[in-house]
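Structure assessment
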Amino acid sequence: MVNLSFDPDLFMISDTSKLERFQFHSKELDHYFSRQEGWKINNEFPSDPNLRKMLFTVYKRIKVARALTGDEKNQLLKRNEKIGTSVTLTVEGREQSYSVVGNANKTKTYFVQNQEVYQVDIPGYRDFLASIYELKRDQWRDRLIFNGNWRTIQKIEVVYPEKSDKNLLIRFEETFYEVNGLDQIDSSAVVAYLNQFEFLQANERISPGFSTAFDSLSQTSPEVIISIWDIKYKLPIEIRIFPQLSGQSIRLIMDQNNELMVFESKRILTYYKSRADFAF
């Protein structure tokens, strides 16, 4: 039996239901979320449930692979001082603190506690663990915008402010949908169009300051406005799509609460429909 100089389970939390709060701080980061506040980031924005699940999985399975010594240890301590992320966990009312830093080529992750440096990993998991500790506040935000389909959507309206002749209105009436201005419709095309809004997620939520060009663009008129009424939502969901900027592969979107987000340009094009697309 090998006697190790470290505890392999030093950072493991086998019962993650005891985790109450996470806080991350670095030269670029300063955010937290807690169970008591519904896991809202800085008690303001809902956090992404998939990212939270990933973080909980890290703590449930993380192992210390080895303790660093000598020059290797000293180099990591210096690297940690420059770019490490300070992490404070609250577990059953008790705080645990350490720093997380990766190596230069982003293949290994180290936890630094009390000037000791430990290489950590998850057996069988090859991704760069430190990356989740480097996420900025907006990257933690829940990207879900809308979750409905042709069975739940009651009405959808697509408005083109500069091209009103292309405006589209699809409304559920009695047994199926009607498309305003059409006597006969392609029902399969209607269903396919509505279903693409199921689990609709932005590529990323953003805040003012993300891009000066986007800040300016958000003060102009959108190219397309999509409004969706659904039985699961008290108020309609609105998606305002702004014109694509030259040289950009992402599009600026604003929702009904004036929250900003970005979408990959190719994804957004499938929402641009008019009555002619549903004619039978």
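Everything here concerns the structure above.
All of these numbers come straight from a predicted model, not from anything done at the bench.

Here we have 7 strands laid out as an open sheet, ordered 2-1-6-7-8-9-5, and antiparallel in their pairing. The open sheet is flanked by strand 2 (30-34) and strand 5 (63-67), the only strands paired with a single partner. Recorded for the sheet is a direction-independent mean angle of 30 degrees between the axes of neighbouring strands. The pairing of strand 7 (residues 94-102) with strand 8 (residues 109-113) spans 4 bridges and is classified as antiparallel. Its bridge partner lying in strand 8, glycine 102 is registered against threonine 109. Sheet strands in contact with helix 1 (residues 49-61) are strand 1 (19-25), strand 2, strand 5, strand 6 (85-91), strand 7 and strand 9 (116-121), and its direction is about 105 degrees off that of strand 1. Along the sheet, helix 2 (residues 70-83) contacts strand 5, strand 6, strand 7, strand 8 and strand 9; its crossing angle with strand 7, the most-contacted strand, is approximately 105 degrees.

This brings us to the nonpolar core. Counting residues in hydrophobic clusters, the biggest one holds 32 residues, and the most contacted among them are Phe22, Leu55, Tyr59, Leu89, Tyr133 and Trp140. Per-element tally for this core: the top contributor is helix 1, with 5 residues. Other than its neighbours up to four places away in sequence, leucine 89 contacts Ile13, Leu19, Arg21, Phe22, Tyr59, Arg94, Glu95, Gln96 and Tyr98. With 30 residues, the next largest nonpolar core counts Val190, Phe197, Ile226 and Ile228 among its residues.

Right, let's talk about the pairing of strand 6 for a bit. Of all 7 residues making up strand 6, 6 are buried, and the element is well covered by its neighbours. Examined bridge by bridge, strand 1 and strand 6 share 6 bridges and lie antiparallel to one another. Note on strand 6: the bridge partner recorded for leucine 19 is valine 91. In this structure, strand 6 lies alongside strand 7, joined through 7 bridges in antiparallel fashion. Across the sheet, the residue bridging to valine 91 is arginine 94, located in strand 7. Between strand 6 and strand 7, which pair antiparallel in sequence order, lie 2 residues; one of them, glutamate 92, sits at a positive phi of approximately 50 degrees.

Cut-offs used in this document
Residues numbered from 1 in each chain as written. Predicted model: local features only at pLDDT ≥ 70, side-chain atom pairs only at ≥ 80, totals over all residues. Heavy atoms only, no water. Pairing = 2+ DSSP bridges. Helix = DSSP H or I, 4+ residues; strand = E, 2+ residues; numbered from the N terminus. Axes fitted to C-alpha atoms, helices over the stretch in contact; angles between N-to-C directions. Contact = heavy atoms within 4.5 Å. Core = buried A, V, L, I, M, F, W, Y, C linked by side-chain atoms within 4.5 Å. Buried < 20%, exposed > 50% of the residue type's maximum accessible area, 1.4 Å probe, protein only.

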